[in-house]
Amino acid sequence: MLEFNYIALHYIKYFLIILLALTLFFVGFDYMGNSAKLSISANLLLIYLVYKAFFAIDMLLPLALVFGMISTKIFLIRSNALVSFYSLGYSRVDVLRPFVVVSVSITLLFISLHGWSKFARADEFSNNIRSTQQYLNPTKDLFFAYKGKYVYFEELLPLQEKAIGIRVFSVKNNSLKSILEAKSASYRGNAWQIKKADIITKPDNMTFSSHGIKLNAAKNLEILKGFRPKMLDQVYEGKVNFTIKNAIDAILLLDHQNIDTSTIKGALYKIFVYPFFAPLLIIIIFFFVPMSVRFLNVSLFSFGAILSTLLIWGVLFALIELSINKTIPSEVGVILPIILLGLVAAWQWHRHRKPTT
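Reading the values: the criteria
- Residues numbered from 1 in each chain as written.
- Predicted model: local features only at pLDDT ≥ 70, side-chain atom pairs only at ≥ 80, totals over all residues.
- Heavy atoms only, no water.
- Helix = DSSP H or I, 4+ residues; strand = E, 2+ residues; numbered from the N terminus.
- Buried < 20%, exposed > 50% of the residue type's maximum accessible area, 1.4 Å probe, protein only.
- Contact = heavy atoms within 4.5 Å.
- Areas by Shrake-Rupley, 256 points an atom, 1.4 Å probe, with all protein chains shown as cover.
- Polar contact = N/O pair within 3.5 Å; in protein donor to acceptor, adjacent residues only side chain to side chain.
- Pairing = 2+ DSSP bridges.
- Patch = residues over 30% accessible without salt bridge, like charges linked within 9 Å, V, L, I, M, F, W, Y side chains within 5 Å.
- Salt bridge = Lys/Arg side-chain N within 4 Å of Asp/Glu carboxyl O.
- Axes fitted to C-alpha atoms, helices over the stretch in contact; angles between N-to-C directions.
- pLDDT = per-residue confidence, 0-100.

## A look at the overall build of the chain
(1) Moving on: The secondary structure content of the chain amounts to 12 helices and 6 strands.
(2) Moving on: Across the 357 residues that make up the chain, the buried fraction comes to 45%.
(3) Moving on: Considering only residue pairs separated by 6 or more positions, the chain has 63% of its internal contacts joining residues 24 or more positions apart.
(4) Moving on: Per element, the accessible surface of the chain, about 18800 Å² overall, is 63% carbon and sulfur.

As C-alpha cells, then:
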C-alpha cells in the first residue's frame, strides 16, 4: 500500500504540472495569434480565455496522462526507487498498477465533464466570442425534416428556447397538403408551443369545381415534441461538440426517422472510447523502460516515448475527424484502434505478471 501511494502521489503531481503547462502554452499561443481580433471587454476576454482553457484540457488531458507516467518513471529510475521496489518482490505489474488506477480514474472524470455544456462546447463558445462578441449565436434559416413534415425556422435562439418565423409544411403522397405559419414558438413541456398560427390548407384535388385554399386561425399548438433547442441547433447545424445527454437523445430521436446519425455516434465514441487510449498507451510504454539508469539513455528514451505518444495521438485524432466527417465508419476510425491498443496492452500485462528477479 505504501508503494501504491508513493507512486500514485508522484504521478498525480507530474500529471498536474504537465497539464497546467500544456494548457497555459495552448491558451497563450492562441491569444498571441488572435489578440488583434479580441478587442472586447475584459469580462468577455476572461470568459474567452476560460473557454479556451477548457478546450485545451479537452484536447490535451490524455497526452498529459501519458507524459506524466513517463516523467514519473524517469524519476523512479533516477532515484533508484524502481530497483528497490523490484528488490522487495514487487512485480512490474505491481509498480504499474498505481499508474493504471489513477489514469483510469482521471479518464472517467474527464468523460463525465462532457455532460457539462460549457466544457463540451468550449471551442464553439470561444470561437463565437472571438467573431461576434457573444458565446452562443442565434441560428438562422434552419430548414429540416421531422416526422414526415418539413420545418423552417427563420431564427433559433437556443438559450431563450425560442424560435422566430415558423413554417411547417405537411406533405401527403409527395404533394403539399398544408402550411402552418407562426411568428414565434417557445419550447415548453418537452414540445414547441405556438400560441397563434395560421394554417393554409390545399384541397386534395385541384380542379375548377373543388373548394379553394382554406385559411384557418389556430391557437395553442404543439410541434416537434421532444426536440430540445440545443439538440436542434447542434444536429441540424452539423455541429459535433455534443454533450452526452444531447447526443444520446438525438440518436434515440432520429433513429426512428431513418436519419443518418453516424456523425452523432462518432461524437459519442470520441467522448466515451477515445480517452482510454491514454491508460492503454501507459501500459504499453511502461514495459519498454529498463529498471535502472545503467541500462537507460534517459534523453533518448524520453524523446522516443514522447514522439511515439504524439504520433499515436495524431493518428487517432485524424481518424476521429475522418469518422465525424463520414469519410470512414466511426467503428473503424475510433473503436478499432482502441481495441488494437487494448489487445497489445493486455498481452504486455499478461507477460509481466510475475515478480521481477
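## Focus on the side chain of E124
(1) Moving on: Mapped onto the elements of the fold, E124 is located in helix α6 (residues 122–132).
(2) Moving on: Accessibility expressed as a relative area gives 9% for E124, which makes it buried.
(3) Moving on: Engagement of the side chain of E124 in a polar contact is seen with the side chain of R121, the distance being 2.7 Å.

## What to know about α6
(1) Moving on: For α6, every residue scored as buried is listed here: A122, E124, F125, S126, N128 and I129.
(2) Moving on: Positive backbone phi, at 65°, marks Q133, one or two positions downstream of α6.

## Quick notes on the pairing of strand β2 (residues 149–157)
(1) Moving on: Bridge count for strand β1 (residues 139–146) against β2 is 7 bridges, and the pairing is antiparallel. Residue pairing across strands places Y146 opposite K149, the latter belonging to β2.
(2) Moving on: Here β2 pairs with strand β3 (residues 162–172) via 8 bridges, running antiparallel. Residue pairing in the sheet places K149 in a bridge with S170 of β3.

## Considerations on a nonpolar patch on the surface
(1) Moving on: A contiguous nonpolar patch, built from V332, L336, I339, L340 and L343 and spanning about 450 Å² of accessible area, is present on the exposed surface.
(2) Moving on: With respect to the element layout, I339 can be found in helix α12 (residues 330–351).
(3) Moving on: Using a relative accessible area of 46% as the deciding quantity, one classes I339 as partly exposed.

## As for the environment of I285
(1) Moving on: You can see I285 is positioned in helix α10 (residues 277–286).
(2) Moving on: Residue I285 is classed as buried on the basis of its relative accessible area of 10%.
(3) Moving on: Residues I285 and V66, 219 residues apart in the sequence, show an inter-C-alpha distance of 8.8 Å.
(4) Moving on: Ignoring any residue separated from it by four or fewer positions in sequence, one finds I285 in contact with V66, M69, F301, A305 and T309.

## Section: the pattern of salt bridges
(1) Moving on: The full count for this structure, using the stated rule, is 5 salt bridges.
(2) Moving on: When the shortest N-O distance is used, the salt bridge between D94 and R97 registers 3.0 Å. Taken as a pair, D94 and R97 lie in helix α4 (residues 92–112) at a separation of 3 residues, close to a single helical turn.
(3) Moving on: For D94, a relative accessible area of 23% corresponds to the partly exposed category.
(4) Moving on: The exposure class of R97 is partly exposed, given its relative accessible area of 35%.
(5) Moving on: R121 is the partner of E124 in a salt bridge, and the nearest nitrogen-oxygen pair spans 2.7 Å.
(6) Moving on: The class for R121 is buried, based on a relative accessible area of 1%.
(7) Moving on: One salt-bridge network, in which partners are shared between bridges, spans D30, K52 and D123.

## Focus: the sheet that holds β1
(1) Moving on: Pairing in this open sheet of 6 strands is antiparallel, and the strands run β1-β2-β3-β4-β5-β6 from one edge to the other. Unpaired on one side and paired on the other, β1 and β6 (214–223) mark the two borders of the sheet. Here the average twist between neighbouring strands, direction ignored, is 20°.

## Focus on unusual backbone geometry
(1) Moving on: Unusually for a residue other than glycine, N80 sits at a positive phi of about 65°.
(2) Moving on: You can see N80 is positioned in the loop between α2 (42–78) and α3 (81–87).
(3) Moving on: For N220, which is not glycine, the phi torsion reads 50° and is therefore positive.
(4) Moving on: Examined against the element boundaries, N220 turns out to sit in strand β6.

## Brief notes about the confidence of the model for the chain
Reading fine detail from the predicted coordinates is not recommended where pLDDT is low.
(1) Moving on: Of the residues in the chain, 88% reach a pLDDT of 70 or more, and the chain-wide mean stands at 83.
(2) Moving on: When pLDDT is averaged over each element of the chain, α4 comes out on top at 93 and helix α7 (residues 229–236) at the bottom at 67.

## Regarding the pairing of β3
(1) Moving on: As judged from the 10 bridges shared by β3 and strand β4 (residues 175–188), these two strands associate in the antiparallel manner. Bridge assignment links V171 to a residue of β4, and that residue is L176.
(2) Moving on: Between β3 and β4, which pair antiparallel in sequence order, lie 2 residues; one of them, N173, sits at a positive phi of approximately 55°.

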